[in-house]
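Topology and contacts: notes
Listed below are the residues making up each chain.
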Amino acid sequence: MQTQLSGGTGAAPPSAGSGTPFIRFQHVTKTFELPDRSVRAVEDVSLTISQGEFVVLVGPSGCGKSTLLNMTAGLFHPTSGAVFYNGKQVSGYNLNTGYMTQNDHLLPWRDVVGNVSTPLEIRGAGRGERRDRVAHLIELVGLQGFEKSYPSQLSGGMRKRTALARLLAYDPETLLLDEPFAALDAQLRLNMQIELLRISRSLKKTILFVTHDLDEAVALSDRAVVFTARPGRIRQITTTPLPRERNLAALRHDPEYTRMTAELWDLIMPTLQATRGEAS
Ligand code: ADP
Ligand code: MG
């Protein structure tokens, strides 16, 4: 784990959604048909994301955030409207995305090294390359000493970190991250956030990131998209008033950060009251 506290180096920010459209939701509505009823998860979502942008989705449980990630990955398709990725409509699995779902889906019969190296094995990477890359990623997510542990022997946070290392081993163009740091303690979460920002800048990844944590939403994002309660519609898109080079450890002293966090709270509070008791 690196201990630097800045968000890393990086190019100038892609101006909020105004660069070349890279991911585009065009009037996307998704309704799930259940045996006894239909559930409209998201409704008329239109959103354009530029390459290299870090966009955070926030909103109450059940408003369709995971559904939007699923549609970007091509696991589900819209009931109406369309999702475009790099100019093409997403109609099958979108192999340019790497998806870290809310469940980590680690392979229980493989230890940490085995899980992280899986994508490299699938790609046919040689033994030496695999060993070096896996060791680097395990260090990056702070799991040294647990290389031989199996998922059942790991805490929730460790499992998440293993899943993140595996995702980075796959090295996708776009990262879809669904509440990846929710189970981590504060110090570890900060370290992971710093690393993720550094990766996003240095490797120019496009990131769609779901969180319940509004502080995290502001700290990481170029823009935050706030959704209404289900069916999720875009309530507001907020451009984060922070430089891309940010010192995450000192943000709480930054008045712009405090102001945007308060603004998100004011937007979210009414929707939370509307969805009390809903599971995520
Ligand atoms: P969020 O991630 O914002 O909490 P989700 O996208 O998981 O919300 O879910 C939005 C709504 O769609 C919820 O009511 C959920 O139960 C429903 N839903 C999501 N996936 C499915 C599915 N595969 N089948 C049926 N209903 C689903
Ligand atoms: Mg979800």
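Below is a short write-up of the structure. These figures come from a predicted structure and were not determined experimentally. (Residues numbered from 1 in each chain as written. Chains lettered and ligands numbered in written order. Predicted model: local features only at pLDDT ≥ 70, side-chain atom pairs only at ≥ 80, totals over all residues. Heavy atoms only, no water.)

**Observations concerning the overall build of the chain**
Short version of the rule: Helix and strand labels come from DSSP, where a helix needs a run of H or I of at least four residues and a strand needs a run of E of at least two; each type is numbered from the N terminus. Here the radius of gyration uses the C-alpha set of atoms, whereas the globule reference equals 2.2 Å times the residue count to the power 0.38. Throughout this description, buried means an accessible area under 20% of the type-specific maximum (1.4 Å probe, protein chains only), exposed means over 50%, and partly exposed covers the range between. Note on definitions: a residue-residue contact is assigned when non-hydrogen atoms from the two residues lie within 4.5 Å. Here, Shrake-Rupley sampling with a 1.4 Å probe gives the accessible areas, and only protein chains in the shown set may cover a residue.
Secondary structure summary: the chain contains seven helices and ten strands in total. Relative to the globule expectation of 19 Å for 280 residues, the C-alpha radius of gyration of the chain, 18 Å, shows essentially globular dimensions. Relative to its 280 residues, the chain shows a buried fraction of 51%. Within the chain, residue pairs in contact and separated by at least 24 positions form 71% of the contacts whose partners lie at least 6 positions apart. Working note: accessible area of the chain is about 12,700 Å², and carbon and sulfur atoms make up 51% of it.

**Focus: the packing of aromatic side chains**
Rules: Stacked, edge-to-face and tilted are the three classes for Phe, Tyr and Trp ring pairs, Trp counted by its six-membered ring, which pair at centre distances within 6.5 Å; planes under 30 degrees apart are stacked, over 60 edge-to-face, the rest tilted. Charges are assigned to positions over rings by a cutoff of 6 Å between ring centre and Lys NZ or Arg CZ, combined with an angular limit of 35 degrees from the ring normal.
Counted under the stated rule, the structure contains four aromatic pairs. When the ring of Phe22 is compared with that of Tyr85, the centres are 4.9 Å apart and the planes differ by 55 degrees; the resulting orientation is tilted. Residue Phe22 is found in strand β1 (residues 21-33), and its partner Tyr85 is found in strand β4 (residues 80-85); the two are separated by 63 residues along the sequence. The class for Phe22 is buried, based on a relative accessible area of 3%. With a centroid separation of 5.8 Å and an interplanar angle of 45 degrees, the aromatic rings of Phe54 and Phe209 are classed as tilted. Pair noted here: Phe54 is in strand β3 (residues 54-58) and Phe209 is in strand β8 (residues 206-210), with a separation of 155 residues, a long-range link. Both residues of the pair, Phe54 and Phe209, belong to the buried class. Between Arg24 and the ring centre of Phe84, over which it is positioned, the NZ or CZ distance is 4.6 Å.

**Observations regarding the coordination of the magnesium ion (ligand 2)**
Our working rule: Sodium, potassium and calcium take a 3.2 Å donor cutoff, other metals 2.8 Å, and in both cases only N, O and S atoms count; water is not among them, so sites may look incomplete.
Distances from the magnesium ion (ligand 2) to its protein donors, namely Ser66 (OG) and Gln102 (OE1), fall within the range 2.1 to 2.5 Å. Taken as a pair, Ser66 in helix α1 (residues 65-73) and Gln102 in the loop between β6 (97-100) and α2 (112-123) lie far apart in primary sequence, 36 residues in all. Looking at Ser66, the relative accessible area reads 22%, which means it is partly exposed. Taking relative accessible area as the criterion, Gln102 reaches 30% and is therefore assigned partly exposed.

**Things to note about the site of ligand 1**
Going by this rule: When we say a residue is near a molecule or strand, we mean one of its heavy atoms is within 4 Å of it. Polar contact is the term for a pair of N or O atoms within 3.5 Å; when the atoms are in protein, one must be able to donate a hydrogen and the other to accept it, and sequence-neighboring residues count only if both atoms are side-chain atoms. The classification used treats Ala, Val, Leu, Ile, Met, Phe, Trp, Tyr, Cys and Pro as nonpolar, Asp, Glu, Lys and Arg as charged, and all other residues, Gly among them, as polar.
Among the 15 residues in the neighbourhood of ligand 1, the closest are listed as Gly62, Lys65, Ser66, Thr67 and Arg230. A distance of 2.9 Å separates an oxygen atom of ligand 1 from a polar side-chain atom of Arg230. In isolation ligand 1 exposes 560 Å². Once the protein is present, 71% of that is buried. The set of elements that each furnish at least two residues to the shell around ligand 1 consists of β2 (38-50) and α1. Broken down by element, the shell around ligand 1 gets its largest block of residues, three residues, from α1. In terms of residue class, the shell around ligand 1 is made up of seven nonpolar, six polar and two charged.

**Considerations on the nonpolar core**
Applied cut-off: Side-chain atoms within 4.5 Å are what join buried Ala, Val, Leu, Ile, Met, Phe, Trp, Tyr and Cys residues into a set we call a nonpolar core.
Of all hydrophobic cores here, the largest spans 51 residues; its most connected members are Leu164, Leu177, Phe209 and Leu264. In this structure, Leu264 is in contact with Leu214, Ala217, Val218, Ala224, Val226 and Thr238, ignoring residues within four places of it in sequence. Core analysis: the second largest hydrophobic core is formed by 24 residues, Leu47, Cys63, Leu68 and Leu208 among them.

**Brief notes about empty space enclosed by the protein**
To be explicit about the condition: Put plainly, a pocket is an open set of points on a 1 Å grid over the protein atoms alone with protein on both sides within 12 Å along at least five of seven lines, a cavity is a set where a 1.4 Å probe fits but cannot get out, and a lining residue has an atom within 4 Å of a point. Grid points are joined across faces, edges and corners, and a volume is the space filled by probe spheres set on the points.
All chains considered together, the criterion is met by one cavity of 30 Å³ or more. The volume enclosed by the largest cavity comes to roughly 40 Å³. The set of elements that each furnish at least two residues to the lining of the largest cavity consists of α4 (156-170) and α5 (186-202). Looking at which element gives the most residues to the lining of the largest cavity, the answer is α5, with four residues.

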